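Descriptive structure summary
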Amino acid sequence: MSADAEHWERWVAKLLGVLAADAPDQLAWAGEHGVKSAALAEDVDFVLHLSQGMQERGTLAPEALRDLRAISRLLAEADVLGRAGPWAGSLTAEPAWNEVRTLARQVLVAREGDWRRPLPHRVPPQDIYD
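Criteria and cut-off values
Residues numbered from 1 in each chain as written. Predicted model: local features only at pLDDT ≥ 70, side-chain atom pairs only at ≥ 80, totals over all residues. Heavy atoms only, no water. Helix = DSSP H or I, 4+ residues; strand = E, 2+ residues; numbered from the N terminus. Contact = heavy atoms within 4.5 Å. Salt bridge = Lys/Arg side-chain N within 4 Å of Asp/Glu carboxyl O. Buried < 20%, exposed > 50% of the residue type's maximum accessible area, 1.4 Å probe, protein only. Core = buried A, V, L, I, M, F, W, Y, C linked by side-chain atoms within 4.5 Å. Phe/Tyr/Trp six-rings, centres within 6.5 Å; stacked < 30°, edge-to-face > 60°. Axes fitted to C-alpha atoms, helices over the stretch in contact; angles between N-to-C directions. Parallel < 35°, antiparallel > 145°, perpendicular 65-115°, else oblique. Left-handed = near helix turned anticlockwise from the far one by under 90°. Expected span 1.5 Å × (residues − 1).

Attention now goes to the environment of Arg-69. Tracing the chain through its elements places Arg-69 in helix 4 (residues 62–77). Arg-69 sits 34 residues away from Leu-103 along the chain, and the two C-alpha atoms are 9.9 Å apart. Dropping the residues within four chain positions of it, Arg-69 is found in contact with Leu-48 and Gln-52.

This is the structure:
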């Protein structure tokens, strides 16, 4: 596997770790980092794009790609991209995040045997999404 592929594999795993975390942990993390709902939805769309290539190369199971597509579809149906507010507010108001959490956990369990991951210490500056 190339260095680029390894980088993106880790990046996907980190995002899935954030999506899979328990709701109280997500709320604390989102508040600490000021993550916006729309930015997170954009990251999910980017991960879906990366994952299609990963599946074609055989580094991602078809079931994982199916679950990632379902996550993207849930966020589109909830119009998360259209929300300018903080993710912490969306987490408590939008039931789709519960389903997203379950799907992200499924992907991580299938890939790594466990969904529990430490949440990343740093997120990209939000101004790159604005």
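Alright, that's what it looks like, and here's the rest.
Enumeration according to the criterion identifies five salt bridges in this entry. The partner of Arg-111 in a salt bridge is Glu-9, and the shortest N-O contact between them spans 2.4 Å. Separated by 102 residues along the polypeptide, Arg-111 in helix 6 (residues 96–112) and Glu-9 in helix 1 (residues 3–20) bring together distant segments of the chain. On the accessibility criterion, Glu-9 (13% relative accessible area) is buried.

One finds Leu-19, Ile-71, Leu-75, Trp-87 and Trp-97 to be the most contacted residues of the largest nonpolar core, which totals 36 residues. Secondary structure elements with two or more residues in this core: helix 1, helix 2 (23–33), helix 3 (37–56), helix 4, helix 5 (87–93) and helix 6.

Attention now goes to the packing of aromatic side chains. Tallied over the entire structure, the rule returns three aromatic pairs. Taking the centre distance of 5.5 Å and the plane angle of 80 degrees together, the rings of Trp-11 and Phe-46 count as edge-to-face. Separated by 35 residues along the polypeptide, Trp-11 in helix 1 and Phe-46 in helix 3 bring together distant segments of the chain. Phe-46 sits in the partly exposed class, given a relative accessible area of 34%. Between Trp-29 and Trp-87, the aromatic rings sit 6.4 Å apart at their centres with planes inclined by 85 degrees, giving edge-to-face as the arrangement. Within this pair, whereas Trp-29 is found in helix 2, its partner Trp-87 is found in helix 5, the two being separated by 58 residues in sequence. Joined through ring pairs, the aromatic side chains of Trp-29, Trp-87 and Trp-97 make up one cluster.

Before going further, it helps to examine the packing of helix 3 against helix 4. Following both chains from N to C, one finds helix 3 and helix 4 inclined at 155 degrees, their axes separated by 10 Å at the closest point. Comparing their axes, helix 4 and helix 3 come out roughly antiparallel. Like other packed secondary-structure pairs, helix 3 and helix 4 cross with a definite hand, here left-handed. Of helix 4, the residues touching helix 3 (which contributes Ala-41, Val-44, Asp-45, Val-47, Leu-48, Ser-51, Gln-52 and Gln-55) are Pro-62, Leu-65, Leu-68, Arg-69, Ile-71, Ser-72 and Leu-75.

What follows deals with helix 3. Along its 20 residues, helix 3 runs 29 Å from first to last C-alpha, staying within 8% of the 28 Å computed at 1.5 Å per residue. Count one or two residues on from helix 3 and you reach Gly-58, which has phi positive near 85 degrees.

By themselves, these figures tell us nothing about what the structure is for.
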